[in-house]
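Chains, contacts and geometry: an overview
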Amino acid sequence: EEEAHKILKETWDKTVPMLGALAAQVRDTDLLSKFLRADVGQLTRNTSLLATETACSDQEGFTKSIHHQLFLAAARGLWGQTMKQLKLTFLELQMLEDRMVFGGLGHPYGTADIDDAWASLKESERESQQSLNMIAKATSKAWRKQHCGAASGHIGTDKLKINSM
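Residues numbered from 1 in each chain as written. Predicted model: local features only at pLDDT ≥ 70, side-chain atom pairs only at ≥ 80, totals over all residues. Heavy atoms only, no water.

1. Some points on the confidence of the model for the protein chain
In this model, the protein chain carries an average pLDDT of 85, and 85% of its residues clear a pLDDT of 70 or more. Below pLDDT 50 for its whole length, residues 151-165 participates in 29 contacts with residues either more than four positions away or in separate chains. (pLDDT = per-residue confidence, 0-100. Contact = heavy atoms within 4.5 Å.)

2. Points about the state of the cysteines
Tallying each qualifying case throughout the model produces one disulfide. Across a sulfur-sulfur distance of 1.9 Å, Cys56 and Cys148 are joined as a disulfide pair. In this structure the cystine formed by Cys56 and Cys148 twists about its S-S bond by roughly -85 degrees; its chirality is therefore left-handed. In this pair, Cys56 sits in the loop between helix 2 (31-45) and helix 3 (59-76) while Cys148 sits in the segment after helix 5 (111-147), placing the two residues 92 residues apart along the sequence. As far as the burial class goes, Cys56 and Cys148 line up, both buried. (Disulfide = S-S within 2.5 Å. Helix = DSSP H or I, 4+ residues; strand = E, 2+ residues; numbered from the N terminus. Buried < 20%, exposed > 50% of the residue type's maximum accessible area, 1.4 Å probe, protein only.)

3. Focus: the environment of Ser33
Note on placement: Ser33 falls in helix 2. Taking the C-alpha atoms as reference, Ser33 lies 4.5 Å from Ser128; in sequence the two are 95 residues apart. A distance of 3.2 Å separates polar atoms of two side chains, one belonging to Ser33 and the other to Asp30. (Polar contact = N/O pair within 3.5 Å; in protein donor to acceptor, adjacent residues only side chain to side chain.)

4. Some points on the packing of helix 2 against helix 4 (residues 78-105)
Helix 4 packs onto helix 2 with a crossing angle of 140 degrees between their chain directions and a minimal axis gap of 7 Å. One element, helix 2, and the other, helix 4, form an angle in the oblique class. Within the contact between the two elements, helix 2 uses Leu32, Phe35, Leu36 and Asp39 and helix 4 uses Leu78, Trp79, Gly80, Thr82 and Met83. Considering only residue class, the contact of helix 2 with helix 4 consists of six nonpolar, two polar and one charged. (Axes fitted to C-alpha atoms, helices over the stretch in contact; angles between N-to-C directions. Parallel < 35°, antiparallel > 145°, perpendicular 65-115°, else oblique. Nonpolar A, V, L, I, M, F, W, Y, C, P; charged D, E, K, R; others polar.)

5. A look at the packing of aromatic side chains
Here the structure, examined in full by the defined rule, presents three aromatic pairs. Where Phe62 meets Trp143, the ring centres are 5.1 Å apart and the plane angle is 55 degrees; that geometry is what we call tilted. Note that Phe62 is positioned in helix 3 and Trp143 in helix 5, a separation of 81 residues in sequence. As far as burial versus exposure is concerned, Phe62 and Trp143 are alike and both buried. Taking the centre distance of 5.0 Å and the plane angle of 45 degrees together, the rings of Phe90 and Trp118 count as tilted. Placement of Phe90 in helix 4 and of Trp118 in helix 5 is noted, with a sequence separation of 28 residues between them. In this structure Phe90 comes out as buried when scored by relative accessible area, which is 9%. A relative accessible area of 27% means that Trp118 is categorised as partly exposed. (Phe/Tyr/Trp six-rings, centres within 6.5 Å; stacked < 30°, edge-to-face > 60°.)

6. Remarks on the packing of helix 2 against helix 3
The angle between the axes and the distance between the axes are what describe a pair of packed helices. At a closest axis distance of 8 Å, the pairing of helix 2 and helix 3 adopts a crossing angle of 130 degrees. One element, helix 2, and the other, helix 3, form an angle in the oblique class. Relative to helix 3, the crossing made by helix 2 is right-handed. Across the interface between the two elements, Leu36, Asp39, Val40, Leu43 and Thr44 of helix 2 pack against Gln69, Leu70, Ala73 and Ala74 of helix 3. Considering only residue class, the contact of helix 2 with helix 3 consists of six nonpolar, two polar and one charged. (Left-handed = near helix turned anticlockwise from the far one by under 90°.)

Here's what the structure looks like:
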């Protein structure tokens, strides 16, 4: 049992500073937003993949559709994989903390640092999602400007490349 406690403490002592540094690196380099932009880049460059039958007649609906498709692309890409791994890492650290407490070692030091690191990552996630909102609006606006008749506000669906959603 003493050896197990020693390993728990060593693991905690090594992990806390690493997670703080990781969170700072993600935040300082705007990594999540970069990953998100890379994940959605293909769709925004090939906007025919985003077209729907109502693209020209329902601006809000079209923008929501684009947002949804971009979010799915990001969730499957580097952005989504990174967020899943970060969340899992922090959950595992929480389990390590619980093992220390229930093992009679008390609450470990640095939990406030871990909370701060998690808050920083959540803020980075929120900011990257805000950039997704802006990308969706800009993509919708650009597509509509290019494909929807300026005078009529819409074009016939025969001119659209329809995406099967």
